[in-house]
Amino acid sequence: DTVMKLLLKIRETVPDTPERFVFVSEKSSTHYTVAAVYSSFKRTVRRIGYPALRVHDLRHTYAVLSLLAGDDIKTLQCNMGHFSASFTLDVYGHFTDDMKRNSSKKMTAFISENFPDESSQ
């Protein structure tokens, strides 16, 4: 919701032209070049003391955090723009092991609460 509100606000304040971009330089009123974004990212990463990261690493971070937040694979596949959910599983499936353990704990608790006679056997 927050991102969508921000993008809609930009849409309302920036003229509807083919040159409309989200990230625009205040000095020149044109979009930032890929090289400028890359350079700024690298500088920021160095400044905060992180190891060498690529901008693409942010995409992987988003995917992992989405899984940890509870997004299902099909939703993540759509959000990432992957062709298939199986590709998404191949790339990020190893991050779901903790989710499987948590699911098992939830089911154990659910069964214990709702079927106490059966769960004590």
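As the structure is a prediction and not an experimental result, all values here were calculated from the model.

About the thresholds
Think of each chain on its own: its residues are numbered from 1, step by step along the sequence as written. Residues qualify for local features only when their pLDDT is at least 70, as the model is predicted, and side-chain atom pairs are given and counted only at 80 or more; totals for whole chains, interfaces and linings, by contrast, use all residues. Side-chain descriptors were evaluated using all non-hydrogen atoms of the structure, hydrogens and water having been removed beforehand. Counting from the N terminus, the helices are DSSP H or I runs at least four residues long and the strands are E runs at least two residues long. Whether a residue is buried, partly exposed or exposed follows from its accessible area with a 1.4 Å probe, protein chains only, as a fraction of its type maximum: under 20%, in between, or over 50%, in that order. The contact criterion used throughout is that any non-hydrogen atoms of two residues lie within 4.5 Å. By nonpolar core we mean a set of buried residues, namely Ala, Val, Leu, Ile, Met, Phe, Trp, Tyr and Cys, connected to one another through side-chain atoms within 4.5 Å. Take a side-chain nitrogen of Lys or Arg and a carboxyl oxygen of Asp or Glu: if they are within 4 Å of each other, that pair is a salt bridge. The axes used here are C-alpha line fits, helices contributing only the stretch in contact, and every angle between their N-to-C directions lies in the interval 0 to 180 degrees. An angle below 35 degrees is read as roughly parallel, one above 145 as roughly antiparallel, one from 65 to 115 as roughly perpendicular, and any other as oblique. Left-handed describes a crossing whose near helix is turned anticlockwise from the far helix through less than a right angle; right-handed describes the clockwise counterpart. By the convention adopted, Pro, Cys, Tyr, Trp, Phe, Met, Ile, Leu, Val and Ala count as nonpolar, Lys, Arg, Asp and Glu as charged, and the other residues, Gly among them, as polar. Whenever two N or O atoms come within 3.5 Å, that pair is a polar contact, provided that in protein one can donate a hydrogen and the other can accept it, and provided that, for residues adjacent in sequence, both atoms are side-chain atoms.

(A) The environment of Asn 79, seen in detail. Structurally, the position occupied by Asn 79 is in helix α4 (residues 73-80). With relative accessibility at 45%, the residue Asn 79 sits in the partly exposed group. Sequence separation between Asn 79 and Ser 66 is 13 residues; the distance between their C-alpha atoms is 9.7 Å. Once residues within four sequence positions are removed from consideration, Asn 79 is found in contact with Tyr 62 and Asp 71.

(B) Structural view of the nonpolar core. Counting residues in each nonpolar core, the largest one holds seven residues, listed as Ala 63, Val 64, Leu 67, Ile 73, Leu 76, Met 80 and Tyr 92. Among the secondary structure elements, those contributing two or more residues to this core are α3 (55-68) and α4. Among residues more than four places away in sequence, those in contact with Ala 63 are Leu 76, Met 80 and Tyr 92.

(C) Focus on the pattern of salt bridges. Applying the stated criterion across every chain, the model contains one salt bridge. Among the ionic pairs, Asp 57 bridges to Arg 54, the shortest N-O distance being 2.7 Å. For Asp 57, a relative accessible area of 18% corresponds to the buried category.

(D) Highlighting the packing of α3 against α4. Look at α3 against α4: their axes get within 10 Å of each other, and the N-to-C directions meet at 155 degrees. Our classification of the angle between α3 and α4 gives roughly antiparallel. Considering how the two elements wind past one another, α3 and α4 form a crossing that is right-handed. Across the interface between the two elements, Arg 59, Tyr 62, Ala 63, Ser 66 and Leu 67 from α3 touch Ile 73, Leu 76, Asn 79 and Met 80 from α4. Considering only residue class, the contact of α3 with α4 consists of six nonpolar, two polar and one charged.

(E) Local environment of the side chain of His 82. Mapped onto the fold, His 82 is located in the loop between α4 and α5 (85-92). Take His 82: its relative accessible area is 13%, and that puts it in the buried class. Only 2.7 Å separates the side chain of His 82 from the side chain of Thr 88, close enough to count as a polar contact. Not counting the four nearest positions on each side in its chain, His 82 is found in contact with Arg 59, Gln 77, Phe 87, Thr 88 and Tyr 92.

The values are spatial; any link to function lies outside them.
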